[in-house]
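Structural characterization, general
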Amino acid sequence: MFFVDTLEFEGLGNRSYLAGGPQAAVVVDPPRDIDQVIAAAARRGVRIAYVAETHVHNDYVSGGLELAGVSGARYLVPDGASVSFARTPVADGDTVTVDDGLVLRAVATPGHTPHHTSYVLEEDGQPVAAFTGGSLLIGTVGRPDLVEPRLTERLARAQHASAHRLADELDDEVAVLPTHGFGSFCSSAQAEGDSTTIGAERKNNDALTQDVDAFVAQLLAGLDDIPAYYAHMGPVNAAGPAPVDLTPPRLADAEEIASRLAAGEWVVDLRSRVAFAEGHVSGSFNFEGEGKLATYLAWLIPWGKPVTLLADTAGRIADAQRELARVGIDRPAAAASGDPSAWIRDGERLASFRRARFAELADVRDDVVVLDVRRDSERAGGFVEGSVHIPIHQLPGRVGELPPGVVWVHCAGGMRAAIAASLLDAAGREVVAVDDGFEAAADAGLTLGSR
């Protein structure tokens with residue numbers, strides 16, 4: 001009997017897989033922090049015989065090269081991928097035997113990237129699972145615009161063809177196991193549901209229900225902004241990432257925290273937005289450790305800028321360090337945990353700002369600046385009339401565009417508003433973070449516009 005274990009990374013919206021038989025297994029699209037993959041294999045009592053990449057990833061740093069080296073596995077990488085390290089190139093139709101009666105077959109599925117390859121797991125010659133990477137996702141496909149703008153339409157058409165190839169070759173009951181689509185910005189749309197099959201996708205996936213022209217037009221029209229750090233992931237993965245280092249960062253006292261802020265470095269507070277608003281180091285930024293930390297911090301921070309992490313516990317620091325390593329922020333410059341009063345020098349006070357609901361905004365609407373930090377696609381569905389729109393990822397470079405006055409900042413649910421409020425607070429603006437779901441804006445009597 002074969003098995004498939006799913007390793008889920010909610011912060012990035014991705015999954016990796018460990019699949020195999022009684023003796024040996026393959027790891028598909030491994031994360032940077034390979035220790036948990038090794039632990040999963042140990043729990044199964046299997047040897048990692050193969051590590052397989054579906055493509056050179058644009059949204060996270062792969063642990064594949066390190067995992068293959070540590071485990072002695074053969075490293076399978078699509079033949080068309082331009083990489084600078086030793087690997088076993090795989091082409092369409094190539095097969096490897098994972099365990100007795102268990103074969104992995106490569107299927108060329110270009111679209112997310114030109115070289116993208118899916119892998120079909122066959123037990124005794126019968127397909128049982130398809131590891132589809134960034135090709136066929138749950139109800140959608142991987143976005144085709146991460147490689148080169150001039151290739152986007154061509155790759156969108158290739159996505160349609162690749163989805164049809166998988167559907168034509170595989171039976172309805174075959175499990176579809178994608179890497180992207182669970183919140184990842186590599187997905188062209190967000191997946192609905194947690195699992196799927198070829199049969200379900202035949203009924204529900206636009207790539208399989210629409211003709212190619214309609215599908216491509218819809219796909220291209222729905223593409224949103226690409227996280228800025230994606231530009232660094234592909235080259236790092238192609239060059240061969242260095243082994244990850246998750247040893248604890250150096251501890252910083254109040255003097256060092258102040259010095260790093262004065263030097264223009266980033267000091268990131270991982271506590272909840274409620275705790276941060278109540279009291280924080282002036283000049284620090286709030287990226288909640290339980291939110292989409294890696295995505296938004298990596299998107300906003302100038303690449304290569306040193307970052308110091310603050311949190312209520314050392315465990316939270318360790319969790320954040322692990323998540324940030326997945327997107328190439330390898331080593332925090334320093335860290336501190338515990339009571340925030342210990343993070344400031346004698347004689348200094350913690351900074352704070354207000355949090356509020358949309359109902360409170362309605363009471364003061366005419367006297368304040370309303371800032372909407374959602375993406376364009378979100379704002380298209382409705383917005384507070386007269387609000388200023390600056391998507392969160394553009395805010396660091398556009399703070400100067402805000403009119404004078406108290407800034408009430410909102411997003412769709414509160415997390416991004418908290419990030420934005422901390423950025424504005426650090427810039428010296430008086431700010432109120434709207435910690436509320438956007439659906440409450442209409443209920444509060446605020447006038448909404450649409451476009």
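First, a word on scope: everything that follows refers to the structure included in this document. Given the structure is predicted, the values throughout are model-derived calculations rather than measurements. (Residues numbered from 1 in each chain as written. Predicted model: local features only at pLDDT ≥ 70, side-chain atom pairs only at ≥ 80, totals over all residues. Heavy atoms only, no water.)

1. Looking at the overall build of the chain
The helix and strand tally for the chain stands at 15 helices and 23 strands. The globule rule puts the C-alpha radius of gyration for 451 residues at 22 Å, and the 23 Å found for the chain is close to it. Each principal axis of the C-alpha atoms in the chain carries an extent, and together these give about 70 × 50 × 35 Å. Taken over 451 residues, the chain has a buried fraction of 57%. By sequence separation, contacts in the chain at least 24 residues apart represent 68% of the contacts at least 6 residues apart. (Helix = DSSP H or I, 4+ residues; strand = E, 2+ residues; numbered from the N terminus. Rg over C-alpha atoms; globule rule 2.2 N^0.38 Å. Buried < 20%, exposed > 50% of the residue type's maximum accessible area, 1.4 Å probe, protein only. Contact = heavy atoms within 4.5 Å.)

2. Details of the pattern of salt bridges
All told, the structure shown has 35 salt bridges when counted by the stated rule. Of the charged contacts, one joins R165 and D92 as a salt bridge, the two residues approaching to 3.0 Å between their closest N and O atoms. With a gap of 73 residues between them, R165 in helix α3 (residues 152-169) and D92 in the loop between β6 (88-90) and β7 (95-99) connect regions that are remote in the sequence. In this structure, the salt-bridge partner of R143 is D145, at a minimum N-O distance of 2.8 Å. Overlapping salt bridges, with partners in common, bring together D92, R105, E122, R165 and E169 in one network. (Salt bridge = Lys/Arg side-chain N within 4 Å of Asp/Glu carboxyl O.)

3. Considerations on helix α6 (residues 212-221)
Every buried residue of α6 is listed here: F215, V216 and L219. With its buried residues spanning 95 degrees around the axis, α6 presents them on a single face. Looking at the packing, one finds that the buried side of α6 touches α3 and α5 (206-209). Measuring from the side-chain oxygen of the N-cap residue of α6 to the backbone nitrogen of D213 gives 3.0 Å; that N-cap residue is D211. (Arc of directions from axis to C-beta. Polar contact = N/O pair within 3.5 Å; in protein donor to acceptor, adjacent residues only side chain to side chain.)

4. Here's the deal with the pairing of strand β2 (residues 14-20)
Looking down a regular strand, the side chains alternate between one sheet face and the other. Taking burial as the measure, the 7 residues of β2 include 7 buried ones, the bulk of the element. Covered by surrounding structure in β2 are N14, S16, L18 and G20 together with R15, Y17 and A19, the residues of both alternating faces. Pairing analysis gives 7 bridges linking strand β1 (residues 3-9) to β2, with the strands arranged antiparallel. The residue bridging T6 from the neighbouring strand is Y17, located in β2. Count of turn residues in the β1/β2 antiparallel hairpin: 4 residues, of which G13 carries a positive phi of about 70 degrees. As paired elements, β2 and strand β3 (residues 24-28) share 4 bridges and run antiparallel to each other. (Pairing = 2+ DSSP bridges.)

5. Overview of the environment of T132
Here T132 lies in strand β10 (residues 126-133). Along the sequence, T132 and H180 sit 48 residues apart, while their C-alpha atoms lie 8.9 Å from each other. Not counting residues within four places of it along the chain, the set of residues in contact with T132 comprises H116, S118, L166, V176, L177 and P178.

6. Focus: the packing of aromatic side chains
Following the criterion strictly, the structure yields 9 aromatic pairs and no others. Note on Y75 and F85: the rings are 5.7 Å apart at their centroids and 20 degrees apart in plane angle, and the pair reads as stacked. Remark: F85 occurs in the loop between β5 (74-78) and β6 and Y75 occurs in strand β5; sequence separation between them is 10 residues. Among the residues examined, Y75 registers a relative accessible area of 8% and is labelled buried. By relative accessible area, which is 12% here, F85 ends up buried. Geometrically, the ring pair formed by F358 and F438 is edge-to-face, given 5.9 Å between the ring centres and 80 degrees between the ring planes. With a gap of 80 residues between them, F358 in helix α12 (residues 358-364) and F438 in the loop between β22 (431-434) and α15 (439-443) connect regions that are remote in the sequence. (Phe/Tyr/Trp six-rings, centres within 6.5 Å; stacked < 30°, edge-to-face > 60°.)

7. Considerations on the sheet that holds β22
The strand order across the open sheet built from 5 strands is β17-β22-β21-β18-β20, with neighbouring strands paired in parallel fashion. Lying at the two open borders of the sheet, with one neighbouring strand each, are β17 (354-356) and β20 (388-389). Two strands pair when backbone bridges link them, and strand β18 (residues 369-372) and strand β21 (residues 407-410) are joined in this way by 4 bridges, in the parallel orientation. Counterpart to V369 in the pairing with β21 is V407. Along the sheet, helix α14 (residues 415-426) contacts β18, β21 and β22; its crossing angle with β22, the most-contacted strand, is approximately 175 degrees. (Axes fitted to C-alpha atoms, helices over the stretch in contact; angles between N-to-C directions.)

8. Quick notes on the nonpolar core
W266, F287, L297, L309 and L371 are the most contacted members of the largest nonpolar core, which has 53 residues in total. The element contributing the most residues to this core is helix α10 (residues 293-300), with 7 residues. Other than its neighbours up to four places away in sequence, F287 contacts W266, V268, D269, L270, L293, Y296, L297, L300 and I419. Counting 22 residues, the second-largest nonpolar core is a separate cluster that includes F9, L18, V83 and F85. (Core = buried A, V, L, I, M, F, W, Y, C linked by side-chain atoms within 4.5 Å.)

9. A look at the environment of A380
Its place among the elements puts A380 in the loop between α13 (376-379) and β19 (383-384). Taking the C-alpha atoms as reference, A380 lies 46 Å from F2; in sequence the two are 378 residues apart.

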